[in-house]
Every structure is written in C-alpha cells, then in structure tokens.
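# A look at the structure
Residue strings, one per chain:
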Amino acid sequence: MAGIGFELRKAFKEKSLFSLVHVYGYSALLSAGPWVISIIAILIVGLIEIIHFQSDGGHVVRFQIIVTYAFALAATLITSGVLQLPFTRYIADLIYAKRESEVLGTYFGSLFIVLGIGLPLFSAITYYLLPDTLMINQILITSIFLVLSSIWLSNTLVSSLKYYKEIIWGYLISYITIIAGAYFFGNSLTSLLVVFFFGNSILLLFMMTLIIKHYKPKQFLYFHFFNKQRFYFSLGFAGLFYNLGTWIDKFIFWYHPLTGEAIIGRIHASIVYDIPVFLAYLSIVPGMAIFFFRLEADFAEKYDLFYSNVREGGTLEVIEQYRYEMAEVLRDSIRELLIFQAILDIILFLFAPRLFSLLHIPQLYLGLFYILTVGAMLQLGFMSVLAIFYYLDRRKKAMWLSLFFFITNGLFTWYSIQLGPSMYGYGYTLSLLLSFSLSLILLQKTMESLDYETYMHYSISS
Amino acid sequence: MTFNQSKIKVITYTEIIGLIIIFSTILYLLYPKAMLENQILSESSNYDLTSRYLKNMLRLDPSNRVLMFTLAKTALKQNKIDLTLRLTHLLQENASKNEKNTILQLQYRAYKQEYLYAAKERKRALLPQLKELQNKIDFSLPLTQEEQHYWLHEMLWLQNYHHALLLVDQVLKNKPKSIYWLSQKYELLSRLHRTKEMQKTIKTLLKIDKKDHLYWLRQAYYLALQNHNTKEAAYYQDQLKTLHQTQNLSRIQKKIEQGLYLQAADIYMQLYTQSHQKEQKIRWLKEALALLQQYGFVNERTKILKSVEDDFLDDPQMVTFILKIYLESDKLEDAVALSKKLLDKTKLNGEEE
C-alpha cells in the first residue's frame, strides 16, 4: 500500500479542516471499510427481514450466524490466515524484481489452489456443521465460503494497486445489491444465502476486472509461489495464528456449554458474548484510521529513506539519523494511537448506557462491553506493532507473537469462563495486554539493533 | 551528528511497566461483579440473557438464595415451568416465612401457566391444586400493588371468595379509604350473602365515594328493601330524590351556560313529570316558563302550557295564571279553548250535583 501513503500525505499538506476529515475518513475506509460495510449491511438485512417481511427473526438470525461463520472460517483457515501475508510478500517481491508480468499468473495460480483446497475442505466443514440442512443451502454455504476466500485473496492484490476509491465503491455496490436483494427476495434462509452469494460474486468479478486491467499476463497460471523455497512459511503461520487468536475467544464462547448454544445444526452462538464483542470492535475503527495514516504516510517515508540509504551506501550518520526518525515516528504513532483511543473509549463509556437503551441493547452487556472495549484497544495496539514487524521484515517475531496471542487468548478465555460471568472478557483483554506489552519490548529491541541486523541481512543476501 | 543506542527509544521499559499498571488498574476498576448483580436483580426483560448469567453465577455460589429466587422468577417469565418448580422445591428447605410465601406464589404462577396450555384432563387436575395454593398464601405479608390485583383476579377466577375477602381486608387495613378495594369488598360480601357487613361497607362507600354516590344510594336502597327494612328504604329513597334533583339542577345550569335554553326548559319539565306533589310541579313549571320568557321563546311557553293545562283545571289560581300568559302571548285561540274546557267541566259538575 506504499502508494496510498503518498496520496494521504499530499491531501494532509493542505492543512484545512476538510483535508483532515478527508485524510482520516479515507484512512478509516481503507483500513476498516470493507468489514464495517459488510457488518452494517448484514445488520440492515436483519432489519429489513423484521420490518419488511415481518419475520420473527428466526431465519435472519440463522443467516447472520452462518455468514459470521463463513467470515470467521474463511478468514482463519485459508485466505487471510495462511495465504494473505505470504501472497502479499511474494507479490511485493515480484514487483521489486520488476517481474510484474508474473503477478497475474501467480494470482490465478493462488486462486486455483484456494478453490482446489477450499472446495473439499469447506464442503466437509459445511456438512459437519449443518448435517440436517437442505442440500441447496449446503451448496450455497460452501459457495459463500469459497467466494469470500477468493475475495480476500483478490483484496490483497487489488489494495496494492492505486484503485482505492474503486475498491470502496466495489464494496458499497456489492453490499447495496445484497441489501436490495434481501428487501425484494429475502423471505427465506435459502433466498438470503443466494442474495449474499450473488452480491459477493459481483464484488469478486469487480476486483478480478481491476486486477486483469492492471497486470498484463505472461502466463495464465504460475505456481512458483507455492514452492517450498519461495513460500514464506513464517508469514503463513503468523497470519494463521493471528487470525486463530482473534477468533479463538469467540469460538470458546460459542461452544462452551455455559455461554453458547446451538442455533442451527452444529453452528453455535453466544448470547452473552457476540453483541458486546461486535460493538467493541466497532469502537476501534477511528483508531485504526489514525494508525493506518501514520504507518502508510509517515513511517513508510522514513522506512524508504532508511533502506534506500542502506542499499545505496549512505553514510552511517545518515542511516542512524533515519533510524532515529523511524523510531520517533513509531513512538509518536503508538502514543497518539493510545491517547486518541483512550479518549474515545472514555467518551464511549460515558454515553454507553444511554446509547444502549436508545438502541434497545440490554444494559446487562455494559460490564462486558467496557472490558472488551479495553481489549479491542489493546488489540489495535498489538495489530499495529505486528504491522510494523511486517514492514521491517521481522516475520519470525510476528509469528511467535501471534502464536503467543493465540495460546494465551485461548487459555485465558477458557479459564475466565470457569471463574464466572464477572470475569467474562478478562481472558481476551489480559491476553492482549501481555501480547501488546511483549510486542512493544520486541519492537524496542528490534529498533535498537536494526542497523546491525539489516547489515547482516544484506551482507548474507548479497 | 551522532546517535547513540540509548537515544533510539520507541518505548522505554519503565513506560511498558507503566502501561501494564495503568491497564491493570483500569481492568480492576471495571470489574463488574456488583454492577452485574444489581442489573440482574433489577432486569425486567431479556430473560434468556439474564437466565444464562444467573445459571453461571449460581454454579459458583450455589447457596445464594437471592440468585436462586431471581432465577426462578426469570425461568417463570421464560415459560420454563419445570425449572421454576425445581428451584422452588430446592428453596423450600430452610425457607423463612416470607420466602415460603414467595415460593407458594411462584408455584401458583407456574402451575397457572401450565394450566393455560394443558389438555382438558390435566386442567381439571390442576384446578384444586391451584385453589389449595391460593389458600396457603399468607396475604398478611406485604404484596406489591400489581400482586394485590393479580391475586384478587386469580381468586375471583377460581371463585375463591372467602380467601379473596381475606386479601381485600388485608389490603384495606393499609388503605381503609380505597374506593376500589371497598367496592371489591362489597361485591365479595354480596356473593357471600353477608348482608350485615354489606350494609356497613355501603355506608362507608356512601361517605367516601362522591363520584358514584347515586349508584351506592341505589344499592343501599335495594339492600334495605331486600332486608325488609322499610324505614331505611324510605330514607334512601328520599336521599335519592334529593340527589336526583340536585343533579338535574346542575345540569340545567350547565345548559343555560352553554346557551341551550330549550334543553334546560326540557329538564325542568322532566322534573315536573317526576314530581308527585302539586307545589313542586308548579315550581318546576314556573321555572321553565320564566326561563323561556327571559330568552324570548313565546311559542315554546304556550306549547308547554297547552301540554299541562289539564292538570290544573281544578285550580283557579293556576288557570288564571295560564290564561294570562295565553293572552299576553296573543294566543287567543288557546285561551278560548281553555275557557271552553273550564265551562264544560263546570257544566259536568253541575249535572252531577
């Protein structure tokens, strides 16, 4: 996403209130837009069902939960989990090596593998989760898994192009189609699944068009990306563990007999946890925008200067200066992120009781919501440090940190449920407090020895 | 310019420790145990969520009777009859007097819910059980207003009038001037044919209930007739008449204020018709005529007089009065007709003599 930093910096230089809103609004859309748009659209579909079709909400709830599972599993198991980071890195390497003609082939090759592995895997998962569901629904759910996986892979590539506005428009058009489809045809679970599949297929085709338009192919299919020597396993595992870590507390709450219950087939949900955690995640959108801007605009600039001086033989003094400036940007960004998010959380805490009653959300969720909001803030911090590690090519550190987060979140969440309702949410939050603190220590150590490690790396590579 | 390693600080270890301490303090302050308990005990909706929280809290604190009671109540609202009954049976052990009463009430409500959806035979079996539970409930213990109404309704449904009367008496101890509860007591007493107490209650109601005073007077009158107490019946009859008259006079006043003079005159004439004494009749007639004269309804005056003139053929004073008005109003034909009537009457009397 290096190009976006330049665009954002340009807009920010205008120094007007409008440019500030424009920059942060745009950053929010790029960093969190797709998932916020999809969540809001799914909620609107629910409202349409209840208001327009006067439904009792039964099949809407089943639809929303199936879609959540599709997001969770598709994200965790194949695309975002294992493939997204290595794929991004491999594409970056191809572009750096001026082998852009291989990009399209690699994309189609990856898509081919995703669908090839995904079809039997997701068919089996669907059959296991929903053994008594209509065959047509099973086929539709498997198709949704596959189309979502493909979208995530395509999203990775399409984000590296300069079609930022087009991506946001793509998401909007796709989800408006889903909302309109739900309004006109969504009076059953099957029709809602068809509408959701159709809307996402439009998005996938839209993204594919942008990719094909941009990259000229040399060969239609490339599978080099999956070569043992070329595949970035550490990045694959880092992505997998991070996504497992993000979803493990939800899975535990869904399947723990004290907190979850079966909704349809073997698909569970948690009346206790789902709403507060969803609201807590929404609270970090502004913080994500700020960090995204800082990372892509300020940090990327210093990073480029530092590494170009290393590559092109800059003096030690200049290199040291850029390293110092990089650390400065990181320090300011993390501080700014924490202070801004803390202020936002305090405001949220003050208005949450009134907001909840306005939205008819039970006040009983308040306690858990407060704790999870603190947890989400820490996750934002942790996510940001991981992003810096990916920038600095510290894949193993990111992998071990993600593994740590996954294990502690799983263990603490499970134990917090044993300790009773007053401790719900503490498992997730404590796990993130530890992971975030540990990531900061490692970041500091990395920055201290960045010159040495970079020179060692370059001397070994060359 | 040189940069030493100590200058390169994204974050210091002291800051990391500070961060951990700050977040730990925030998490400690946010510990929601007390808030959760308060919210659960006062939650009046979202029973699925409340019940899940309660079950988990009880798992850790199985002897917490307050939580058990709350769970039993929540389960009842979720229509989980078995769970409610199971919990009430568990709670029966070592229950205080107040708790026992709450348990009985919960059991009653649970069986009542079962009754509503039960098959015919089960319904028949449940009825005596419900009545027995009603009889066991001690209404001398405090009840909320909603509960008082609920139980009265339930006991009337099962025709458990004796026990309903106990409840009503209990409520009246705290609200002796409550018209609603006094009237309920009167209804119950009448169903139980306890006439002496009915008389006593109706006397209180006559004193308190100004709004339905007429209704209670009528009831008191019928009750006296029923008891063959003629003296009292005559007393209430007089009261009824006076009240009736007062009410009509205030109606007339209202009509005059609204400018509806003909309607006001009509009410005077209704009073005329209802009166049995001649003096009274003359009074209402003259009031009606005076009102119509004041507002210029000449024809209406003579119309009224024509309708009542036959009542006064024996009264020379009134005949003179009526004739005078006919002549004043230029109604010579009416005056002639009345004179003829008088002559005919005199002739008839002479022949008879």
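Refer to the structure printed above.
Residues numbered from 1 in each chain as written. Chains lettered and ligands numbered in written order. Predicted model: local features only at pLDDT ≥ 70, side-chain atom pairs only at ≥ 80, totals over all residues. Heavy atoms only, no water.

## Comments concerning the packing of helix α8 (residues 145-157) of chain B against helix α9 (residues 161-174) of chain B
Residues and elements named next belong to chain B. Rule in force here: Inter-axis angles, ranging from 0 to 180 degrees, are taken between N-to-C directions of lines fitted to C-alpha atoms, where helices are fitted over the stretch in contact. The secondary structure listing takes helices from DSSP runs of H or I that are at least 4 residues long and strands from runs of E that are at least 2 residues long, numbered from the N terminus. Working rule for angles: under 35 degrees goes down as roughly parallel, over 145 as roughly antiparallel, 65 to 115 as roughly perpendicular, anything else as oblique. Crossings are sorted by hand: turned counterclockwise from the far helix by less than a right angle, the near helix makes the crossing left-handed, and turned clockwise it makes it right-handed. Any pair of residues with heavy atoms lying within 4.5 Å of one another is described as a contacting pair. Charged residues are taken to be Asp, Glu, Lys and Arg, nonpolar residues to be Ala, Val, Leu, Ile, Met, Phe, Trp, Tyr, Cys and Pro, and polar residues to be all remaining types, Gly included.
Running from N to C, α8 and α9 cross one another at 160°; their axes reach a closest spacing of 8 Å. Considering the angle they form, α8 stands roughly antiparallel to α9. In the packing of α8 onto α9, the handedness of the crossing is left-handed. Counted together, Gln148, Trp151, Leu152, Met155 and Leu156 of α8 and Tyr161, His163, Ala164, Leu167, Val168 and Val171 of α9 form the full contact between these two elements. Residues belonging to the contact of α8 with α9 are distributed by class as follows: 9 nonpolar, 2 polar and no charged.

## Some details on the packing of aromatic side chains
Residues and elements named next belong to chain A. Filter applied, for reference: Centres within 6.5 Å make a pair out of two Phe, Tyr or Trp rings, where for Trp the six-membered ring is used; the pair is then stacked when the planes are under 30 degrees apart, edge-to-face when over 60, and tilted otherwise. Here's how the labels work: a residue is buried when its accessible area is under 20% of the maximum for its type, exposed when over 50%, partly exposed in between, all with a 1.4 Å probe on protein chains only.
Evaluated as defined, the whole model comprises 39 aromatic pairs over all chains. A centroid spacing of 5.4 Å and a plane angle of 90° characterise the contact between Phe253 and Tyr424, whose relative ring orientation is edge-to-face. Of this pair, Phe253 sits in helix α8 (residues 233-255) while Tyr424 sits in the loop between α13 (395-418) and α14 (426-448), placing them 171 residues apart in sequence. For the pair Phe253 and Tyr424, one class covers both residues: buried.

## Describing the side chain of Thr70 of chain B
All names here are of chain B. Quick note on the threshold: Between N or O atoms, a polar contact is any pair within 3.5 Å; within protein, one atom must be a potential hydrogen donor and the other a potential acceptor, and residues adjacent in sequence are included only when both atoms are from side chains.
Within the secondary structure, Thr70 sits in helix α4 (residues 65-77). Of the polar contacts made by the side chain of Thr70, one reaches the backbone oxygen of Val66; its length is 2.6 Å. In this structure Thr70 touches Ile40, Leu41 and Leu54, once residues within four positions along its chain are discounted.

## Focus on the environment of Gln92 of chain B
Residues and elements named next belong to chain B. Mapped onto the secondary structure, Gln92 falls in helix α5 (residues 81-92). Taking the relative accessible area as the measure of exposure, Gln92 reaches 36% and is therefore partly exposed. A sequence separation of 193 residues divides Gln92 from Leu285, and the C-alpha atoms of the two residues are 75 Å apart. Setting aside chain neighbours within four positions, we find Gln92 in contact with Ile103 and Gln107.

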